Amino acid sequence: MADEMKTHIKSNWSHAILVCKKCSRKAKKRGITFGKAGKTLPKALKAELGTKKGRKASLGIVEVSCLEICPKNGVVLVDSRTPGQWRLIGPDADMGELARQLQNVEA
Ligand code: FES
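Every chain is numbered on its own, with residues counted from 1 as its sequence reads. Local features are withheld for residues below a pLDDT of 70 in this predicted model, meaning they are given only at 70 or higher, and side-chain atom pairs are given and counted only at 80 or more; totals for whole chains, interfaces and linings count all residues. Each side-chain value is worked out from all heavy atoms of the structure, with water and hydrogens disregarded.

Asker: Please provide a residue-by-residue account of the packing of helix H2 (residues 41–49) against helix H3 (residues 95–103), values included.
Answerer: Axis angles are defined between N-to-C directions and span 0 to 180 degrees, where every axis is a line fitted to C-alpha atoms and, for a helix, only to the segment in contact. Segments assigned H or I by DSSP are reported as helices when at least four residues long, segments assigned E as strands when at least two residues long, and all are numbered from the N terminus. Contact geometry of H2 with H3 gives a least axis separation of 9 Å together with a crossing angle of 75 degrees. Judged by the inter-axis angle, H2 sits roughly perpendicular to H3. When H2 is examined against H3, the residues Leu41, Ala44, Leu45, Glu48 and Leu49 are found in contact with a partner set consisting of Met95, Gly96, Leu98, Ala99, Leu102 and Gln103. Here the residues of the contact of H2 with H3 are counted per class, giving eight nonpolar, two polar and one charged. Every angle not falling under 35 degrees, over 145, or within 65 to 115 is termed oblique; those three ranges are roughly parallel, roughly antiparallel and roughly perpendicular. By the convention used here, residues are in contact when the closest approach between their heavy atoms is within 4.5 Å. Three classes are used, and their members are as follows: Ala, Val, Leu, Ile, Met, Phe, Trp, Tyr, Cys and Pro are nonpolar, Asp, Glu, Lys and Arg are charged, and the others, Gly among them, are polar.

Right, dumping it as structure tokens:
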């Protein structure tokens, strides 16, 4: 008899942030980076939030495939707390403020 597979895994995530991977890649090709260290949006967010990796993090940053918005100079981001209101993050985004907004559990 095979071992039974778990059907639930615990996570510390309060919510998830979905970031379009293709937008991030396209932005990087155009020389658009985020944060002081000039990173892609997901990496800049993780650095700004200082989160742990994977399910140990307090908040999930998940790179997803194209969300079919495809802005020219930005990256599409979806906060799982507000799935009806997607965000377009431009190159001039204040990473500190964005991180605070995404991390705020009251939002
Ligand atoms: S490339 Fe990001 S929404 Fe299409």
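The rest of the description comes next.
Asker: How would you summarise the side chain of Thr40 if you had to cite specific residues and measurements?
Answerer: By the secondary structure assignment, Thr40 is in the loop between helix H1 (21–29) and H2. Relative accessibility thresholds used throughout: buried, under 20% of the residue-type maximum; exposed, over 50%; partly exposed, between the two (1.4 Å probe, protein chains only). Thr40 sits in the buried class, given a relative accessible area of 17%. Dropping the residues within four chain positions of it, Thr40 is found in contact with Ser24, Lys28 and Phe34.

Asker: Lay out the nonpolar core in plain terms, naming residues and giving numbers.
Answerer: What we call a nonpolar core is a set of buried Ala, Val, Leu, Ile, Met, Phe, Trp, Tyr and Cys residues that are connected through their side-chain atoms within 4.5 Å. Of all hydrophobic cores here, the largest spans 21 residues; its most connected members are Val19, Phe34, Leu41, Leu45 and Leu77. Elements with a minimum of two residues in this core: strand E1 (16–20), H1, H2, strand E3 (75–79) and H3. Not counting residues within four places of it along the chain, the set of residues in contact with Leu45 comprises Val19, Ile61, Leu77, Met95, Leu98 and Leu102.

Asker: Run through the side chain of Asp79, naming residues and quoting values.
Answerer: Along the chain, Asp79 falls in strand E3. Judged by its relative accessible area of 7%, Asp79 is buried. Leaving out residues up to four positions away in the same chain, Asp79 has contacts with His15, Ala16, Ile17 and Leu102.

Asker: Tell me what's going on with the environment of Val76, and back it up with residues and numbers.
Answerer: Assignment of secondary structure puts Val76 in strand E3. Taking C-alpha positions, Val76 is 6.9 Å from Cys23, a pair spaced 53 residues apart along the chain. Excluding its chain neighbours within four sequence positions, the residues that come into contact with Val76 are Leu18, Val19, Cys20, Cys23, Leu67, Ile69, Pro71, Trp86, Arg87 and Leu88.

Asker: Before we move on, can you summarise the pattern of salt bridges with the specific residues and values?
Answerer: Any Lys or Arg side-chain nitrogen located within 4 Å of an Asp or Glu carboxyl oxygen qualifies as a salt bridge. For the coordinates displayed, the defined rule picks out two salt bridges. The partner of Arg81 in a salt bridge is Asp79, with the nearest N and O atoms 2.5 Å apart.

Asker: With reference to specific residues and values, describe a nonpolar patch on the surface.
Answerer: Like-charged residues are merged into a patch within 9 Å and nonpolar side chains (Val, Leu, Ile, Met, Phe, Trp, Tyr) within 5 Å, provided each residue has over 30% relative accessible area and no salt bridge. The accessible surface values rely on the Shrake-Rupley method and a 1.4 Å probe; as for residues, cover is taken only from the protein chains in view. Where nonpolar side chains cluster on the molecular surface, the patch consists of Ile69, Trp86 and Leu88 and spans about 310 Å² of accessible area. Looking at where Trp86 falls in the secondary structure, it is placed in the loop between E3 and strand E4 (87–89). On the accessibility criterion, Trp86 (40% relative accessible area) is partly exposed.

Asker: Account for H3, with residues named and values stated.
Answerer: For H3, the complete set of buried residues consists of Met95, Gly96, Leu98, Ala99 and Leu102. The arc enclosing the buried residues of H3, seen along the axis, measures out at 165 degrees, which places them on a common side. For H3, the elements touching its buried residues are E1, H2, E3 and E4. The backbone nitrogen of Gly96 has a side-chain oxygen 3.0 Å away, supplied by the residue at the start of H3, namely Asp94. The arc in question is the one spanned by the directions pointing from the helix axis to the C-beta atoms. As used in this structure description, the phrase polar contact means that two N or O atoms lie within 3.5 Å; if the pair is within protein, one of them must be able to donate a hydrogen and the other to accept it, and residues adjacent in sequence are counted only when both atoms belong to side chains.

The analysis is restricted to geometry; functional conclusions fall outside its scope.
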